[in-house]
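Below, each chain spelled out in residue letters.
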Amino acid sequence: MTNLTSDELIKMLKKDKNSYLLDVRTVKEFEDSHIPNSNLLNIRDPQLFMDGIKELDKNKNYYVYCHSGVRSVQACQIMKSFGFENLYNLLGGISEWTGPKI
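Treat the numbers as computed from the prediction; the structure is a model and nothing was measured.

I'd like to hear about the overall build of the protein chain, residue by residue, with values.
For the protein chain, the helix and strand inventory stands at four helices and five strands. Listed N to C, the secondary structure of the protein chain is β-α-β-α-β-α-β-α-β in terms of helices and strands. Its C-alpha atoms give the protein chain a radius of gyration of 12 Å, near enough to 13 Å, the size a compact globule of 102 residues would have. Taken along its principal axes, the extent of the C-alpha atoms in the protein chain is 30 × 30 × 20 Å. Relative to its full complement of 102 residues, the protein chain shows a buried share of 43%. Element-wise, carbon and sulfur atoms account for 50% of the exposed surface of the protein chain, whose accessible area totals about 5700 Å². Distance from the positive charge centre (13 side chains) to the negative charge centre (13 side chains) of the protein chain: 4 Å.

Tell me about the packing of aromatic side chains, residues and numbers included.
Applying the stated criterion across every chain yields a total of three aromatic pairs. Ring plane angle 55 degrees and centroid distance 5.1 Å describe the contact between Tyr20 and Tyr62, whose orientation is recorded as tilted. Linking Tyr20 in strand β2 (residues 19–23) with Tyr62 in strand β4 (residues 61–65), this pair joins segments that are 42 residues apart in sequence. Ring geometry for Tyr63 versus Tyr88: centroids 4.8 Å apart, planes at 15 degrees, classification stacked.

Explain the sheet that holds strand β1 (residues 2–4) to me, using residue names and the numbers behind them.
If you trace the five strands from one edge of the open sheet to the other, you get β1-β5-β4-β2-β3, paired in parallel fashion. Edge positions in the open sheet fall to β1 and β3 (39–40), since each of these has one partner strand only. In terms of strand pairing, β1 meets strand β5 (residues 87–90) through three bridges, oriented parallel. By the bridge assignment, Asn3 is partnered in β5 with Asn89. Across the sheet, helix α1 (residues 6–15) touches β1, β2, β4 and β5, and the angle it forms with β1 is around 105 degrees. On top of the sheet, helix α4 (residues 70–81) reaches β2, β4 and β5; it is set at about 170 degrees to β5, its chief contact.

Please set out the pattern of salt bridges residue by residue, giving values where relevant.
Here the structure, examined in full by the defined rule, presents three salt bridges. In this structure, the salt-bridge partner of Glu29 is Arg71, at a minimum N-O distance of 2.9 Å. Note that Glu29 is positioned in helix α2 (residues 27–32) and Arg71 in helix α4, a separation of 42 residues in sequence. Each member of the pair Glu29 and Arg71 is classed as buried.

Definitions and limits used
- Residues numbered from 1 in each chain as written.
- Predicted model: local features only at pLDDT ≥ 70, side-chain atom pairs only at ≥ 80, totals over all residues.
- Heavy atoms only, no water.
- Helix = DSSP H or I, 4+ residues; strand = E, 2+ residues; numbered from the N terminus.
- Rg over C-alpha atoms; globule rule 2.2 N^0.38 Å.
- Buried < 20%, exposed > 50% of the residue type's maximum accessible area, 1.4 Å probe, protein only.
- Areas by Shrake-Rupley, 256 points an atom, 1.4 Å probe, with all protein chains shown as cover.
- Lys, Arg positive; Asp, Glu negative; His and termini not counted.
- Charge placed at Lys NZ, Arg CZ, Asp CG, Glu CD.
- Phe/Tyr/Trp six-rings, centres within 6.5 Å; stacked < 30°, edge-to-face > 60°.
- Pairing = 2+ DSSP bridges.
- Contact = heavy atoms within 4.5 Å.
- Axes fitted to C-alpha atoms, helices over the stretch in contact; angles between N-to-C directions.
- Salt bridge = Lys/Arg side-chain N within 4 Å of Asp/Glu carboxyl O.

Any functional reading would require information beyond the geometric quantities listed.
As structure tokens, then:
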């Protein structure tokens, strides 16, 4: 897992054609605000999260975020244990995000 600042993540997403932006917050948090083109997979619902990551393509580059960066680190650690290799964590989560939000 590689930690990225908001500016680094913005640059990576612009050039990475194999990216998958993963929001691991709750449905309510996602509905309140999220980064455009992100996909929700709530880590606080363990069964849903585990079932969801089993469906993901391990060849993609995963950019993971939450509110402040704690849950996204946990998500990256779990994903790594399932064989995901290209994992990037947004430092400070969406609270530090400087790009556009929905």
